[in-house]
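What follows is each chain in one-letter form.
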Amino acid sequence: MTRLSPRNALRRAAGLLAAAGLLAVVPLAGAAAPARADEPPVFTLGGPAETGLHPYRAGGGPKPSRLGITVTAPSGEEGTGFAGRFTLTFDLSGVAGVADVAFDGAASGAETSDGGASGGGALGAGTSGGGAAPDCEVTGAKAVCVGTGVRPGTHPVAVLVVTAAAGGERGDSGTITVTGEAEGAAFTPFTTRVTVGGPDLVMEELPFRTELVPGDRQQAPITFANRGAGDAEGVLLTLRYTRGLDIPQRYSNCRYSEDDPGPSGVGRTTALCTVEGAFEAGEAYTLATPLTIEATERAYRDTFLYRIEEAGPPRPAPAAFERGDGAVLRAVPVTGPQNRAAGRTADPTPHDNQREADFRTENTADFAAYGDRVSGARGATVTADVGFRNVGPAWIGHLRSGEDVAVVDFTVPRGASVVAKPDRCRAVTAAGEYREDQRSPAPRYLCPTSPAVQDGEGLDLPFALRIEEVLIGAEGEVTVRAPSARNPALPFDPAPANNTARLVLNAGDDSDGGPSTPPTSDPGPDASPSGAPTTSAPGGGAAGASGGSDSGTGSGHGDGLASTGSDALTVAGAAAVALTAGLALVAAARRRTGRHS
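Fair warning: this is a prediction, and the values are worked out from it, not measured in the lab.

For the rest of this paragraph, the subject is the overall build of the chain. Along the chain, the regular secondary structure elements total 3 helices and 37 strands. Every one of the 597 residues in the chain was classed for burial, and the buried ones make up 45%. Look at the contacts in the chain between residues 6 or more apart in sequence, and 79% of them connect residues 24 or more apart. Surface exposure of the chain reaches about 28400 Å², of which carbon and sulfur atoms provide 52%.

All right, on to the environment of Leu505 then. With respect to the helices and strands, the residue Leu505 is situated in strand β37 (residues 500-505). When its relative accessible area of 3% is taken as the criterion, Leu505 is described as buried. In sequence terms Leu505 and Val470 are 35 residues apart; their C-alpha atoms lie 8.2 Å from each other.

Another point: the sheet that holds strand β17 (residues 245-246). Taking strand neighbours across the sheet as the criterion, the 3 strands line up as β14-β21-β17 in an open arrangement whose pairing is antiparallel. The open sheet is flanked by β14 (217-220) and β17, the only strands paired with a single partner. When β17 meets strand β21 (residues 291-295), the two strands line up antiparallel, connected through 2 bridges. Bridge pairing in β21 links Leu245 to Ala295.

What follows deals with the packing of aromatic side chains. Enumeration according to the criterion identifies 17 aromatic pairs in this entry. Measuring from ring centre to ring centre gives 5.6 Å for Phe224 and Phe279, while their planes differ by 55°; the resulting arrangement is tilted. Of this pair, Phe224 sits in strand β15 (residues 223-226) while Phe279 sits in strand β19 (residues 269-279), placing them 55 residues apart in sequence. With respect to burial, Phe224 and Phe279 carry one shared label: buried. Taken together, Phe208, Tyr241, Phe304, Tyr306 and Phe359 form an aromatic cluster joined through their ring pairs.

Enumeration according to the criterion identifies 3 disulfides in this entry. The disulfide that involves Cys254 links it to Cys273, with 2.0 Å between the sulfurs. Of note, the bridge from Cys254 to Cys273 carries an S-S torsion of about 110° and is right-handed in sense. Within this pair, whereas Cys254 is found in strand β18 (residues 254-258), its partner Cys273 is found in strand β19, the two being separated by 19 residues in sequence. When sorted by exposure, Cys254 lands in the same class as Cys273, which is buried. For Cys425, the disulfide goes to Cys447, at an S-S distance of 2.0 Å. Taking the torsion about the sulfur-sulfur bond, which here is approximately 110°, the covalent link between Cys425 and Cys447 counts as right-handed. Of this pair, Cys425 sits in the loop between β31 (416-420) and β32 (426-428) while Cys447 sits in strand β33 (residues 444-448), and the two are 22 residues apart along the sequence. Owing to a relative accessible area of 0%, Cys447 belongs among the buried residues under this scheme. Each disulfide of the chain joins two cysteines, and with those cysteines numbered along the sequence the arrangement is 1-2, 3-4, 5-6.

Our next topic: the pairing of β33. β33 sits mainly inside the fold: 4 of its 5 residues count as buried. Examined bridge by bridge, strand β30 (residues 407-411) and β33 share 5 bridges and lie antiparallel to one another. Its bridge partner lying in β33, Asp409 is registered against Leu446. Across 3 bridges, the pairing between β32 and β33 is antiparallel.

Rules and cut-offs
- Chains are numbered independently. Their residues run from 1 in the order of the written sequence.
- This being a predicted model, a pLDDT of at least 70 is required before a residue's local features are given, and a value of 80 or more before pairs of side-chain atoms are given or counted; all residues contribute to the totals for chains, interfaces and linings.
- Processing note: side-chain calculations cover all non-hydrogen atoms of the structure and skip hydrogens and water entirely.
- Counting from the N terminus, the helices are DSSP H or I runs at least four residues long and the strands are E runs at least two residues long.
- Only protein chains enter the calculation, and the probe is 1.4 Å; a residue is then buried if its accessible area is under 20% of its type maximum, exposed if over 50%, and partly exposed in between.
- Here, residues are in contact when the closest pair of their heavy atoms is within 4.5 Å.
- Exposure was quantified through the Shrake-Rupley algorithm and a 1.4 Å probe, taking into account, for residues, occlusion by the shown protein chains and nothing else.
- Only strands that DSSP links by at least two bridges are regarded as paired with each other.
- The criterion for an aromatic pair is that two Phe, Tyr or Trp rings (for Trp, the six-membered ring) have centres within 6.5 Å, with stacked assigned to planes under 30 degrees apart, edge-to-face to planes over 60 apart and tilted to the rest.
- Cysteine sulfur atoms are paired as a disulfide whenever they fall within 2.5 Å.

Here's what the structure looks like:
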């Protein structure tokens with residue numbers, strides 16, 4: 001934790017001066033090698049590789065399938081989107097006599113054939129780029145759509161309504177090719193195949209027990225049916241479950257990834273399992289050996305997603321996925337009435353490929369606040385590190401509602417003012433009410449978590465404080481509570497006594513400032529002597545280290561905990577301290593030289 005003493009003040013200020021010097025060099029280096037403005041952005045068109053069509057029914061008319069087309073634009077530092085007009089051209093000659101194509105210009109947010117949300121043909125409008133609504137026209141074997149604006153990332157741009165042509169037969173197949181052009185931008189073309197009588201895989205919903213206690217296990221005999229008009233050559237089973245759940249088996253035909261928690265802190269596990277075989281139309285299948293779903297000691301509110309789709313051509317494994325080393329996961333036909341009924345049930349729809357289950361586990365999580373003890377002379381700027389840790393055992397997440405799990409309520413001690421704060425924190429009045437002015441120092445700050453807080457993680461909140469008046473033992477309060485001030489209790493926390501800690505300024509040797517290091521449930525052999533976590537923070541320091549860098553969100557690290565633009569005041573204050581100390585050293589040296597000359 002941060003402790004400024006006369007002995008280390010100069011050392012810290014010198015480090016800040018060095019950092020400030022580096023910051024001064026970085027813009028010059030960037031300016032020396034600007035990005036080439038003459039290179040146009042390249043957008044990638046995409047969608048499902050293949051779409052199955054219901055055969056044309058004599059006297060009953062066609063049953064449509066929807067085919068969603070997307071565009072991917074560079075994001076992050078590599079792209080800022082595109083604001084100009086562009087044209088997409090659809091070559092429909094490859095499906096002549098096989099399928100009829102129209103555009104669903106009013107299906108915003110509809111399900112596409114690949115299970116994703118379509119943009120309803122909103123080229124550039126709202127859903128894709130914030131420009132004008134599209135203008136699509138089909139003429140013979142060609143369709144042209146004109147839109148404006150593409151945002152960074154992947155977004156839907158059109159939905160094709162495709163039906164089997166009259167007189168067609170099962171097995172008929174053809175392709176649709178999409179190209180794009182714009183002044184100042186380039187497009188990578190995309191080709192998709194449509195086949196009459198393709199498979200339509202439907203996932204059956206499992207009757208899970210959803211009220212659990214840690215250690216509970218139950219079987220998951222995942223079952224799916226092919227309700228389409230054609231066989232599926234291999235299937236891809238996707239399993240995705242949150243931090244409190246586990247599937248102990250690791251199959252050799254599955255690839256697994258422990259997702260980076262990132263800002264949300266969910267930390268899901270994803271398994272992609274390729275199951276070989278011919279899965280015939282009208283048949284139902286189940287796993288040869290049911291999966292086992294376990295509620296671990298971390299479980300609290302968890303979700304389990306299971307999805308089935310045709311495997312399609314082999315795809316390279318993502319770099320983050322590792323192959324399991326266990327037995328082969330297989331699917332076998334279901335026997336009995338369940339199988340015979342599968343081919344005659346309701347019409348297939350894309351969202352039937354996927355099911356989700358929510359689990360509630362009787363468990364607790366101890367949120368423990370920590371404060372700090374810092375010292376400084378009048379006019380000095382010091383960094384106080386405050387926050388909380390989830391000591392566990394459970395992780396806490398509000399995945400469905402997206403609500404913040406908790407908020408850190410920080411009251412500034414008397415005699416100090418805040419000159420830099422974490423981005424996630426907002427200034428409020430002393431009574432905790434809304435405060436329009438977010439720039440000038442405030443008496444109190446509220447810092448919300450994300451919708452998830454992992455066990456062993458929490459919030460590390462560095463505040464830069466200016467010492468306006470030296471008051472020995474002045475105290476501020478650090479409380480982790482529920483987001484609602486009217487109902488501040490954390491319903492999952494069995495130990496509310498440690499939800500509050502203190503920040504003490506210029507404490508005497510006998511003063512007890514309360515918890516001043518982030519609590520840990522199990523420090524382990526590699527823990528730092530102070531008890532602070534040793535995870536690297538985005539700024540390069542250790543979590544909880546001084547200097548204003550952040551080290552964690554409700555889930556792990558990052559997510560806006562870096563200090564605001566007022567950090568310059570912190571650096572400037574430290575620089576002034578270092579400069580004053582340096583001048584004093586030079587003057588003393590000159591006086592000694594004068595006495596000996």
